[in-house]
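# Coordinate analysis (summary)
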Amino acid sequence: MVALARSPRGQPNFEDASAFRADVLAGLRAAPKRLPPKYFYDGVGSLLFERITELPEYYPTRCEMQILRKHAPDIAKLVPQGAALVEFGSGSSKKARILLRALRPLAAYVPVDICGEMIEQEALELRPDFRGLKVLPVTADITQNFPLPQPARAAPVRVGFFPGSTIGNFEPHEAAAFLRNAGCILGAGATLIVGVDLIKPVEVLNAAYNDAAGITAKFNLNLLVRINRELGGTFKLDTFEHHAFYNRERHRIEMHLASLKRQKVKVAGETIDFRAGETIHTENSYKYSIESLGALARGAGWQPAAVWTDERQYFSIQAFTLAAQS
Ligand code: AVI
């Protein structure tokens, strides 16, 4: 499993709680141990992620914002007047705002996120700033098929927006499945605009996930805090350490939590054994080249249409189109 959209801030509902328990136990019983990264984003985790995006070492958010600001007029040319803009895993809509300011009148802006509360709030904040724009939030899991609101379905064409390199937190086969599903949701003649982190010197990548202020370490360890709180876990935080490194063969940053000693931990009434040095694999963040993402997208039915990068080529915004039905 992978990170999808931000999960709800605050208390999980019953369904979330039982899925969390099942996923955590399955992951901790597995060899090697793993936990799904989507569980990073509780209230504290979401705030820590916001702080990560502002760290000097964490370049992706700054680069993507720069590209958006600089190239918004060109990106906007790919969005015809009267189109519906569908943002996948929209979270805070911060990036969509830059795009929305450059766009011709739309049929609707549809932010989609698993956290209904958060996108309803964002919609309330967007409406006064974009008068005349229909903001129609949809609460859904972006990896599943979901119906779009009627005005978006009735629009002559739909444009998807998936910023933040969240696609990098999917395994490649999951990224391909996401792209195929996005094609089904958006339909014939659609365009998809995706923010993607690029392969770059290993020192830059390693620094971005091992910041000097230790915020990424806190973000990673917060998963154990959450397990302690929500599943009666007995993880001692000072006996686990944040490990993040670039795996060159697989083009991905791996994040792990390493046990500093041999120990037993209780989670939801179950005892989990750790060897000294054993890790829980908590996240992959895949890095692509323009070509490798293009190949993945082609395999999912999309044609590469345009690419924008920052000057250092650290990050990219890539556009793909889906053939119109004949
Ligand atoms: C949300 N996602 C794109 C971030 C990333 O870079 O993969 C999550 C993150 N993990 C550690 N730092 C940031």
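The following paragraphs examine the structure supplied in this document. (Residues numbered from 1 in each chain as written. Predicted model: local features only at pLDDT ≥ 70, side-chain atom pairs only at ≥ 80, totals over all residues. Heavy atoms only, no water.)

### Some thoughts on the site of the ligand
The criterion, for reference: If even one non-hydrogen atom of a residue comes within 4 Å of a molecule or strand, that residue is called near it. Within 3.5 Å is the distance limit for a polar contact, defined as a pair of N or O atoms, with the added protein rule that one can donate a hydrogen and the other accept it, and that residues adjacent in sequence qualify only through two side-chain atoms. Numbering of helices and strands runs from the N terminus; a helix is a DSSP stretch of H or I covering at least four residues, while a strand is a stretch of E covering at least two. Residues are grouped as follows: Ala, Val, Leu, Ile, Met, Phe, Trp, Tyr, Cys and Pro are nonpolar; Asp, Glu, Lys and Arg are charged; all remaining types, including Gly, are polar.
Around the ligand there are 14 residues in total, and Tyr-58, Asn-169, Tyr-209, Glu-283 and Ser-285 lie nearest to it. One nitrogen or oxygen atom from the side chain of Tyr-209 is found 2.5 Å from an oxygen atom belonging to the ligand. For the ligand, a nitrogen atom lies 2.7 Å from a polar atom in the side chain of Glu-283. Sorting the residues of the shell around the ligand by element identifies α2 (43-53), α9 (215-231) and β11 (279-286) as the ones contributing at least two each. Per-class residue counts for the shell around the ligand are seven nonpolar, five polar and two charged.

### Considering the sheet that holds strand β5 (residues 158-162)
Either a parallel or an antiparallel arrangement is found when strands of a sheet pair, and the pairing is made through backbone hydrogen bonds. Quick reminder of the rule: When DSSP finds two or more bridges between two strands, those strands count as paired. Here, two residues are considered to be in contact whenever any of their heavy atoms come within 4.5 Å of each other. Inter-axis angles, ranging from 0 to 180 degrees, are taken between N-to-C directions of lines fitted to C-alpha atoms, where helices are fitted over the stretch in contact.
Strand order across the open sheet formed by seven strands is β4-β3-β2-β5-β6-β13-β12, with mixed pairing between neighbours. Of all strands in the sheet, those with a lone pairing partner are β4 (138-139) and β12 (303-309), marking the two edges. The sheet contact formed by strand β6 (residues 191-197) and strand β13 (residues 315-321) spans seven bridges and is antiparallel. Within β13, the residue paired with Gly-195 across the bridge is Ile-317. Relative to the sheet, helix α5 (residues 116-126) contacts β3 (108-113) and β4, its axis offset from that of β3 by approximately 155°.

### Some points on the packing of helix α3 (residues 60-76) against helix α4 (residues 94-102)
Our working definition: The scheme is simple: roughly parallel for angles under 35 degrees, roughly antiparallel for over 145, roughly perpendicular for 65 to 115, oblique for anything else. Crossings are classed by handedness, with left-handed meaning an anticlockwise turn of the near helix from the far one by less than a right angle and right-handed meaning a clockwise turn.
For the pair α3 and α4, the least separation of the axes is 8 Å and the interaxial angle reads 20°. One element, α3, and the other, α4, form an angle in the roughly parallel class. At the point where α3 passes α4, the crossing takes the right-handed sense. Along its contact with α3, which presents Thr-61, Glu-64, Met-65, Leu-68, Arg-69, Ala-72, Pro-73, Ile-75 and Ala-76, the element α4 presents Lys-94, Lys-95, Ile-98, Leu-99 and Ala-102. Counted by class, the contact of α3 with α4 contains nine nonpolar, one polar and four charged residues.

### Points about the sheet that holds strand β1 (residues 33-34)
With mixed pairing, the four strands of this open sheet are ordered in space as β1-β11-β8-β7. The sheet terminates laterally at β1 and β7 (240-247), the two strands that pair on one side only. Pairing between β1 and β11: two bridges, direction parallel. By the bridge assignment for β11, Lys-33 is matched with Ile-280. Against the sheet, α9 contacts β7, β8 (252-259) and β11, and its axis sits at roughly 55° relative to β8.

### Quick word on α3
Heads up, the rule is: Fitting one axis to the seven residues ending at a residue and another to the seven starting there, the bend at that residue is the angle between the two axes. Relative accessible area decides the class of each residue, using a 1.4 Å probe on protein chains only: under 20% of the type maximum gives buried, over 50% gives exposed, and in between gives partly exposed.
Along α3, the largest kink reaches about 60° and is centred on Lys-70; proline Pro-73 follows within four residues of it. For α3, every residue scored as buried is listed here: Pro-60, Thr-61, Cys-63, Glu-64, Met-65, Ile-67, Leu-68, His-71, Ala-72, Ile-75 and Ala-76. Packing partners of the buried residues in α3 comprise α2, α4, β5, β6, β12 and β13.

### What about the environment of Ile-167?
The topology assignment puts Ile-167 in the loop between β5 and α7 (172-186). Residue classification places Ile-167 among the buried positions, given a relative accessible area of 0%. The contacts of Ile-167, once residues within four sequence positions are left out, are Phe-162, Ala-175, Leu-179, Val-194, Gly-195, Val-196 and Leu-293.

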